[in-house]
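Coordinates in review
The residues making up each chain are set out below.
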Amino acid sequence: MEPGGISTESSENEEREIEDLVSSGSTAICGTCNIRKPLRSKHCRFCDKCIAKFDHHCPWIGNCVGYRNQPFFVTFLAASSTAGIIFTVFGMYRVTLDPNCPPVSIYAFLSLFAYVGFFVWNYTHMFATMCVTGVMTCYFFLMMLFHVKQVISNITT
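These remarks concern the structure in this document. These numbers were taken from a predicted model, which means no experiment stands behind them.

1. Quick look at the packing of helix α2 (residues 70–96) against helix α3 (residues 109–122)
Between α2 and α3, the least distance of the axes is 11 Å, while the angle of their chain directions is 95 degrees. As the angle between them shows, α2 and α3 are arranged roughly perpendicular. Only Tyr115, Phe118 and Phe119 of α3 make contact with α2, whose side of the interface consists of Gly91, Met92, Val95 and Thr96. Partitioning the contact of α2 with α3 into residue classes produces five nonpolar, two polar and no charged.

2. Structural notes on the packing of α2 against helix α4 (residues 124–153)
As a packed pair, α2 and α4 sit with axes 8 Å apart at the nearest point and diverge in direction by 150 degrees. Judged by the inter-axis angle, α2 sits roughly antiparallel to α4. Crossing geometry of α2 relative to α4 is assigned as left-handed. Each residue belonging to the contact of α2 with α4 can be placed in one class, and the counts come to 17 nonpolar, ten polar and one charged.

Reading the values: rules and limits
- Residues numbered from 1 in each chain as written.
- Predicted model: local features only at pLDDT ≥ 70, side-chain atom pairs only at ≥ 80, totals over all residues.
- Heavy atoms only, no water.
- Axes fitted to C-alpha atoms, helices over the stretch in contact; angles between N-to-C directions.
- Helix = DSSP H or I, 4+ residues; strand = E, 2+ residues; numbered from the N terminus.
- Parallel < 35°, antiparallel > 145°, perpendicular 65-115°, else oblique.
- Contact = heavy atoms within 4.5 Å.
- Nonpolar A, V, L, I, M, F, W, Y, C, P; charged D, E, K, R; others polar.
- Left-handed = near helix turned anticlockwise from the far one by under 90°.

So this is what it looks like as structure tokens:
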């Protein structure tokens with residue numbers, strides 16, 4: 001999805017005005033694109049274009065996050081967080097279905113150790129996968145909270 005690129009087309013009068021602004025050292029002109037930049041826009045060195053309301057260039061989506069696609073990016077973070085939580089819950093539930101699994105009680109601290117020990121010993125690959133997924137889920141969840149706060153505050157990074 002287009003993040004909100006700024007058009008490079010300009011009239012002859014605008015081009016003369018831009019040249020005057022560039023020669024005077026104005027920061028309202030992009031030095032790479034040679035166009036007038038609106039407020040909160042920035043030139044992305046990865047996409048090689050100016051982006052309106054630029055937030056950041058995201059390696060997860062391979063695109064800039066800007067004016068037009070910020071809501072979609074926050075939705076992506078929310079969906080990734082939800083998928084990670086669902087995967088973790090179903091993984092833990094799958095282990096409890098094993099007839100040899102020790103009973104789990106939230107109130108008995110030692111039963112949690114027995115459950116984790118059983119999980120690690122009998123389901124090593126699932127445990128390792130869930131650990132990686134848990135870390136990534138925490139990362140996506142914190143990023144989502146951070147970006148929701150930014151959307152509410154109407155600011156960018």
